[in-house]
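A closer look at the structure
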Amino acid sequence: WCQKPVVNEELLQSLPNLSIVASAGVGIDHLDLKLISSYSVKVSNTPSVVSTDTADLGIALMLASSRRIVEGHQIAVSPHTQHFPTDWLGTEVSGATLGIVGMGTIGYKVAQRAKAFEMKILYHSRKQRNKEEEGTVGAIYCKKIDDLLQQSDFVLLSVNLTPQTQKLIGRRELELMKPTATLINISRGLVVDQDALVEALQNRVIKAAALDVTYPEPLPRDHPLLRLENVLLTPHIGSATGQTRRRMMEGMVESIRAGLAGLPVPNQVL
């Protein structure tokens, strides 16, 4: 659990009868698939069960950041509060433009939820959804990510971490975003250039960031992201509900049993 033990060559050599590595969640960026495959070991993950909760969290981060929920709670419970400020304002979500980068299962579920807020939904993805799927949620495909960044009030990242998506959002991309925009990351920390993000937040290049993921996790306690008022951080809790974590474990056990029995492995990663 939590990427331990590390599946490296030393481990693989020490376990000559190893049949399968079962990984929780959808991300497999911590596994060297070529190395593992060279030892004839199978890999499985649990992609579908995490999608609903992770999409819920993406919407929760958008709402919490835009309506300044954490700051509001602190005002409400502070022993120093004598009245509530009337000029303390958030940002409207309903009717705003949401740009989703990565329209896989999680991204599409985010779009389904955003539709209920009457949001204009743009998306950029490696593969365009079919017209029926786009029409169901009212999503508009942006072939170029630049077009999405320039138009969106909220930019939500839900891509897998690959060599192509590492630091997908850097200084150039942040400067393309609106100064009133918020960046939401529910994918992986390395998808964003954190140094560039800190600079953009400090200089108000963008308005705010809501991040469930960072690099590393947790951040060093003196990291500047921890001190910025326009940042909302959660501890990588996209799939963290009791129901989903149980389904993840059940899925892993199912894959392990199949692998040991020589049967087709559910959710095998090829």
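Here the structure is a predicted model, which is why all the values come from computation and not from measurement.

On to the UniProt feature "domain: D-isomer specific 2-hydroxyacid dehydrogenase catalytic" (unreviewed entry) in the protein. Following the UniProt record, the feature "domain: D-isomer specific 2-hydroxyacid dehydrogenase catalytic" (unreviewed entry) maps to residues 6-269 here. In the segment residues 6-269, helix accounts for 37% and strand for 13%; the C-alpha atoms at its two ends are 18 Å apart.

Of all hydrophobic cores here, the largest spans 29 residues; its most connected members are Leu174, Leu183, Leu197 and Leu225. Breaking this core down by element, the ones donating at least two residues are α7 (145-151), β6 (154-157), α9 (194-202) and β8 (208-211). In terms of residues, this core owes the most to one element, α9, which gives 5 residues. When sequence neighbours within four positions are dropped, the list of residues in contact with Leu183 reads Val155, Leu157, Ile169, Leu174, Met177, Val192, Leu197, Ile206, Ala208, Ala209, Ala210 and Leu211. Core analysis: the second largest hydrophobic core is formed by 27 residues, Ala96, Ala111, Tyr123 and Leu156 among them.

Mapped onto the present numbering, the UniProt feature "domain: D-isomer specific 2-hydroxyacid dehydrogenase NAD-binding" (unreviewed entry) falls on residues 59-238. In residues 59-238, the share of helix is 32% and the share of strand is 16%. The end C-alpha atoms are 11 Å apart.

Let's shift gears to the environment of Ile121. Structurally, the position occupied by Ile121 is in strand β4 (residues 120-124). Counting along the chain gives 32 residues from Ile121 to Asp153, while the straight-line C-alpha distance between them is 10 Å.

Pairing within the open sheet is parallel, and its 7 strands lie in the order β5-β4-β3-β6-β7-β8-β9. This sheet does not close on itself; its edge strands, each paired only once, are β5 (139-141) and β9 (231-233). Each adjacent strand pair in this sheet contributes to an overall mean axis angle of 20°, direction not counted. Across 4 bridges, the pairing between strand β3 (residues 97-101) and β6 is parallel. The residue of β6 that forms the bridge with Val101 is Leu157.

Turning our attention to the pairing of strand β7 (residues 182-185). When a strand is regular, its side chains alternate between the sheet's two faces. Covered by surrounding structure in β7 are Thr182 and Ile184 together with Leu183 and Asn185, the residues of both alternating faces. Strand direction decides the pairing type here: β6 and β7, joined by 4 bridges, are parallel. Counterpart to Val155 in the pairing with β7 is Leu183. Taken together, β6, helix α8 (residues 171-176) and β7 form a β-α-β motif whose crossover is right-handed. As judged from the 4 bridges shared by β7 and β8, these two strands associate in the parallel manner. The residue bridging Leu183 from the neighbouring strand is Ala209, located in β8. Taken together, β7, α9 and β8 form a β-α-β motif whose crossover is right-handed.

To continue, consider the pairing of β8. Along β8, one buried face is formed by Ala208 and Ala210 and the opposite face, lined by Ala209 and Leu211, is buried too. Note that β8 and β9 share 3 bridges and pair parallel. Across the sheet, Leu211 pairs through a bridge with Leu233, a residue of β9.

What follows concerns the pattern of salt bridges. With the rule as written, the count across this model stands at 10 salt bridges. A salt bridge links Glu199 to Arg171; its shortest N-O distance comes to 2.9 Å. In this pair, Glu199 sits in helix α9 while Arg171 sits in helix α8, placing the two residues 28 residues apart along the sequence. Given a relative accessible area of 40%, Arg171 falls into the partly exposed group. Residue Glu250 pairs with Arg246 through a salt bridge whose shortest N-O separation is 3.3 Å. Separated by 4 residues within a single helix, Glu250 and Arg246 lie in helix α10 (residues 242-261), roughly one turn from each other. Among the ionic contacts, a cluster of salt bridges with common partners joins Asp146, Arg172 and Glu173.

According to the domain assignment, the protein consists of domain 1 (9-48 + 240-261) and domain 2 (51-75 + 91-233). Using only C-alpha atoms to locate each centre, domain 1 and domain 2 end up separated by 29 Å. Taken residue by residue, the interface counts 7 residues in domain 1 and 5 residues in domain 2. When domain 1 packs against domain 2, close to 510 Å² is buried across both sides, 37% of that on carbon and sulfur atoms.

Criteria and thresholds
All residue numbers refer to positions counted from 1 along the written sequence of the respective chain. Residue-level local features of this predicted model are given only where pLDDT is at least 70; pairs of side-chain atoms are given and counted only at 80 or more, and the full residue set underlies all totals for whole chains, interfaces and linings. In computing side-chain properties, one takes all heavy atoms of the structure into account and sets aside hydrogens as well as water. UniProt positions are given in the numbering used here, feature names are shortened, and annotations may be inferred rather than shown by experiment. By the criteria applied, helices consist of DSSP H or I runs no shorter than four residues and strands consist of E runs no shorter than two, each listed in order from the N terminus. Take the buried Ala, Val, Leu, Ile, Met, Phe, Trp, Tyr and Cys residues and link them wherever side-chain atoms come within 4.5 Å; each set so joined is a nonpolar core. Partly exposed describes any residue whose relative accessible area lies between the buried limit of under 20% and the exposed limit of over 50%, with all areas from a 1.4 Å probe on protein chains only and scaled to the type maximum. Contact between two residues is taken to exist if any of their heavy atoms lie within 4.5 Å; hydrogens are not considered. Here, a strand pair is defined by DSSP locating no fewer than two bridges between the strands. Whenever a helix is involved, its axis is fitted only over the stretch in contact; in every case the axis is a line through C-alpha atoms, and angles between N-to-C directions fall within 0 to 180 degrees. Here is how to tell: hold the view so the strands point away, follow the path from the first strand over the helix to the second, and if it runs clockwise the crossover is right-handed. Salt bridges are counted wherever a side-chain nitrogen of Lys or Arg sits within 4 Å of a carboxyl oxygen of Asp or Glu. For every domain, the bounds stem from an assignment made automatically or drawn from a database. Buried area: the accessible area, evaluated with a 1.4 Å probe, that two parts lose upon being put together, summed over both parts.

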